[in-house]
Structure formats: structure tokens, C-alpha cells
Amino acid sequence: MMNKEAVLFAGGLVVDESGERHFDVRVRDGLVVETGSDLAAGDEERVDISGCILAPGFVDLHTHLREPGMPEAETIETGSRAAALGGYTAVVAMPNTDPTQDCVEVVEFVSKRGREIGLCDVRPSGSITIGRAGAQLTPFADLAAVGVHLFTDDGSGVQDEGLMRRALEYAGELGVVLAQHCEVASLTAGAVMHEGECCSHLGLPGWPALAEELMVHRDIELSRLTGSPVHLLHLSTARSVELVRGAKADGLPVTAEATPHHISLTDERLSSFDTRYKVNPPLRTMADIEAVTAGLLDGTIDAIATDHAPHPSAAKDRPLDEAPPGMLGLETALGVARAHLDCSWQHLIGALSWRPARIAGLSDRHGRPVSEGESANLVVIDPDPDWQVDPSALASRSRNTPYIGVDLKSRVRHTMFEGRMVVRDGVATA
Ligand code: DOR
């Protein structure tokens, strides 16, 4: 593993939860040790970041790392590198691995491997039910004792209301959070895309917005009943956003995330039958995009999460009804979000960093203010460039990005994880 470095970031604009200021930032032994105007370089390396933004590193609530079980799609190493290149210093690893992250052994394997690689903080989620089969709860207390804070059956929703109620009660007592993949399975069997006009034209089986909204509504009401927090994953419809807005107005402990693809791509993309646009929940309509975007802008939706879902070409090259859903996200999230969200840097970085850090229970080390004594988990963003994805340069082992040939805005220049430059000038250092 690389040594912790002594670096003086000079000439940048610091953006964190407390505001914006033109400050230099001195890092040593894994910590921010000094901030201020025109700091003199001592024996540390001076890194000129004039014109750039220095911020707390990003935190992804929703990353599929595929290990154990699917190394042909991604490994913890390739996924960690993709995360670092995207500006992330922490990722929550989804549990739909093989075997499932439903027991201490698998969870510890993932955390240990993440630490060995050391490119970002890899925090495994635990599944809510054994094997994500929706029948029997996992040992939440044992999993929480080895560091699991977020529990989800992502890839599927918990269908049984009684089980979900018990899970929320149990999670509330332990101080952990349940994250729901909102999909009523009986309404989406065989579906390949959003149920609407485009799907009727193409004659393809549809995934109705209602299948998401029913579960969003149910879980909001279960959160009201139990008093326990619930986090709603990858929301995609206008009505879902409206329901969360109402829950927040009622003061319920409900949080939500949206993906870059659900604010940038509509269901019409599927008219090409290109499987890169097949994702779960599916791409929706322009009206949904506008509502999800408005939800991110007014804070109804707390966080931008990638749902980074690598799949090998052999799987994605199958016909639309057979290809697995999912698209890459880690290396393009900032560029897509910046191109589609008209807001301040502070609001945007909040949705990528300190708000998800809080939901993931990581705000002791991530999403922190850039000030003396804090862990040096930082990102430096060059705000200006328009750029396009070079698929051969992606760190992910898979290539299923829908953003080839698309103009993205703003780029990660450096990522520092625990005081080590894991990305320097846009290139991973390990
Ligand atoms: O598109 C998706 N892909 N949505 C999910 O919920 C799961 C994910 C995957 O694991 O491929």
C-alpha cells in the first residue's frame, strides 16, 4: 500500500458543508493539518489546483462490486479503482453477490479485500433477508457488530409487508438503516422497460411506475408506524418523488436517492433495442426526469447514487428480454450530474458527499468539512472541461456505459483517500 503523503493543495476553491472559500489545504499523515490563505510550502509536495474545486470525497450509497461471485463483471479491485477515478472515497457495496452478503463471513471478506486494495473505503451492505429470498431476516445484530450500517435486498424489494415491518423494528432498535429497492414483483414479471407509450409501440412487456410507487408508499407508512428510518433506493418516477416530499413534510425519517441515468435518459432510448439502456428500475419519461431532477434540486431526494451495475459484454449482448439490467456509473456520475443539474457546487457536492455519508453512517470520516484534524478523504474537481467517455480507458472490468459519445461536464483531477493520492491528474496511481 502507498505511503501517506505530505501535500499542500494550493490555489483551489474549497467547497464543503460550511460554504466556499479560497483556501490552501495542507495534508500530512492522513489528516488535514492546516487550511488558510497563501500557506507556505514546507517539505511537502505543492500541488497547484488553481481554478479547481477541493471538496470532501464522494460517497456512493449504491455500488455493485460483484465480488464474491462474478469476477468477469467486476472485482473489488477494479470497482474500487473506478470509484477512486469518479472521485469517491467510500462506496457501499450491494449485497447481491454470490454468495450473498447475508452473513458475517461474506461481509468480512468484502471489507478485508477493500482494505487490502486501499483505493477507497469499501463498506459492505448486508442483505435484509437470507439469500435475498424475502423469507427470513439476516442476523442484523451480528452484521452490525462487524460494521454493517445499511441493509438492503437490492436487486429485489422485500415483498412481505409483515416481514418488512419486523425488519424495520429490528433495525430501529439497532440504529441501522434499511434501504429498499421499491418494486412490487407481481407487477413487473417479464418486464424489460417502462410501461408507457414507447413500450406499447415496441410491443415489449412493461414495468409500470405503480410497481415502484406502491412500495414507496408502503414503506413510508411502515416508517410512520415503526418510527424507524427507511432509505428509498434509485427512485425513478414523479409520483415517488411526490410521496417522499409528503413524508418529509410529515417529519418522517425517510431518505431517498436518484441515479444519474434517471435524470439524463428517457425510455425512448430503448427504441434502438440497445441493451445498455436496460436498467432496473427502467428509464422513464421526460416528465419523470423533470420531477426527479426537481426533487434533487429542492432536497426531497437527498443523494445522487450511481447504481453502478457492471455486466460483461457476453451478458449484455443477448436479446433485450434476456440481457441483465444495469449500467456503469462510478466513473461518469459527476460528469452526468453536472451536465443535468443546474445548481450550486455546494448543493451538488452535498448530494454526492456529505448527505450520502450521513445515510451510510460514514460521516465520521467522509463528507467532513475540510478543516484541521479531519481525515484527508478529498476530491479535486476541474469544473471546466467538457469530455467524453473513452470506453477503453474505463477502470471497470465491464463496458456497459450508455454515455459513449455524450458530452459530460467537469472532471475529477485528483482523489485523496486517507491522505494518499489514489488518483493524480485523472490517472489511478495503483
Ligand atoms: O439495473 C439494475 N441492476 N438494478 C438493480 O436493482 C440491480 C442491478 C444489478 O445488480 O445488476
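Residues numbered from 1 in each chain as written. Predicted model: local features only at pLDDT ≥ 70, side-chain atom pairs only at ≥ 80, totals over all residues. Heavy atoms only, no water.

(A) Focus on the nonpolar core. Membership of the largest hydrophobic core comes to 45 residues, with the highest contact counts inside it found for Leu-348 and Ile-349. When neighbours within four sequence positions are excluded, Leu-348 is seen to be in contact with Ile-304, Leu-334, Ala-337, Arg-338, Leu-341 and Cys-343. Among the nonpolar cores identified, the runner-up in size contains 30 residues, and Met-164, Leu-232, Leu-243 and Val-244 belong to it. (Core = buried A, V, L, I, M, F, W, Y, C linked by side-chain atoms within 4.5 Å. Buried < 20%, exposed > 50% of the residue type's maximum accessible area, 1.4 Å probe, protein only. Contact = heavy atoms within 4.5 Å.)

(B) Inspection of empty space enclosed by the protein at higher detail. Taken as a whole and assessed by the stated rule, the structure comprises one cavity of 30 Å³ or more. As for the largest cavity, its lining consists of Val-32, Pro-56, Arg-365, His-366, Gly-367, Arg-368, Pro-369, Val-370, Glu-374, Ser-375, Asn-377 and Leu-378. Among the residues forming the lining of the largest cavity, the class breakdown is five nonpolar, four polar and three charged. (1 Å grid on protein atoms, 1.4 Å probe; cavity = no way out; pocket = protein on both sides within 12 Å on 5 of 7 lines; lining within 4 Å. Points joined across faces, edges and corners; volume = space filled by probe spheres on them. Nonpolar A, V, L, I, M, F, W, Y, C, P; charged D, E, K, R; others polar.)

(C) The arrangement of the layout of surface pockets in detail. Considered as a void within the structure, the largest pocket measures approximately 420 Å³ in volume. Residue assignment for the lining of the largest pocket shows that the elements contributing at least two residues are helix 1 (76-85), helix 10 (333-340), strand 19 (408-417) and strand 21 (427-428). Top element by residues in the lining of the largest pocket is strand 19. It accounts for four residues. Partitioning the lining of the largest pocket into residue classes produces 12 nonpolar, six polar and six charged. Space inside the second largest pocket adds up to approximately 270 Å³. Lining the second largest pocket are 18 residues, with Ser-111, Arg-115, Asp-121, Val-122 and Arg-123 sitting closest to its centre. Contributions of two or more residues to the lining of the second largest pocket are made by helix 2 (104-117) and strand 10 (121-124). (Helix = DSSP H or I, 4+ residues; strand = E, 2+ residues; numbered from the N terminus.)

(D) Spatial organisation of the site of the ligand. Near the ligand lie 14 residues; those nearest to it are Arg-66, Asn-96, Asn-280, His-311 and Pro-325. Take His-311: an N or O atom from its side chain is 2.9 Å from an oxygen atom of the ligand. Surface burial for the ligand is 94%, taken as the share of its 290 Å² of free accessible area covered by protein chains. Partitioning the shell around the ligand into residue classes produces three nonpolar, eight polar and three charged. (Near = heavy atom within 4 Å. Polar contact = N/O pair within 3.5 Å; in protein donor to acceptor, adjacent residues only side chain to side chain. Areas by Shrake-Rupley, 256 points an atom, 1.4 Å probe, with all protein chains shown as cover.)

(E) Quick look at unusual backbone geometry. Following Glu-67, the chain continues to Pro-68 via a peptide bond in cis, the omega torsion being 5°. Its place among the elements puts Pro-68 in the loop between strand 8 (58-63) and helix 1. In this chain, Asp-98 is followed by Pro-99 through a cis amide linkage whose omega measures 5°. Along the chain, Pro-99 turns up in the loop between strand 9 (88-93) and helix 2. The phi torsion at His-234 lies on the positive side, around 25°, for a residue other than glycine.

(F) Here's a closer look at the state of the cysteines. Evaluation of the coordinates by the stated rule reveals zero disulfides. In this model Cys-343 remains outside any disulfide bridge; the closest cysteine sulfur is found in Cys-52, 19 Å from its own. On the accessibility criterion, Cys-343 (18% relative accessible area) is buried. (Disulfide = S-S within 2.5 Å.)

(G) Just the pattern of salt bridges, in detail. Per the counting criterion, the structure on display carries 27 salt bridges. The salt bridge involving Glu-418 is made with Arg-420; its shortest N-O contact spans 3.9 Å. Connected through salt bridges with shared partners, the residues Arg-26, Arg-28, Glu-34, Asp-43 and Glu-44 form a single ionic network. (Salt bridge = Lys/Arg side-chain N within 4 Å of Asp/Glu carboxyl O.)

(H) The environment of Gly-79, seen in detail. Relative to the helices and strands, Gly-79 is located in helix 1. A relative accessible area of 0% means that Gly-79 is categorised as buried. Along the backbone, Gly-79 and Val-91 are 12 residues apart, and their C-alpha atoms lie at a distance of 9.5 Å. When residues no more than four places from it in sequence are discounted, the contact partners of Gly-79 are Leu-65, Glu-74 and Leu-330.

(I) Fine view of the pairing of strand 4 (residues 24-28). Within strand 4, four of the five residues are buried, leaving the element largely enclosed by the surrounding structure. With five bridges connecting them, strand 4 and strand 5 (residues 31-36) associate as antiparallel partners. Residue pairing in the sheet places Arg-26 in a bridge with Glu-34 of strand 5. Between the end of strand 4 and the start of strand 5, which pair antiparallel, lie two residues, with Asp-29 showing a positive phi angle near 50°. (Pairing = 2+ DSSP bridges.)

Any functional reading would require information beyond the geometric quantities listed.
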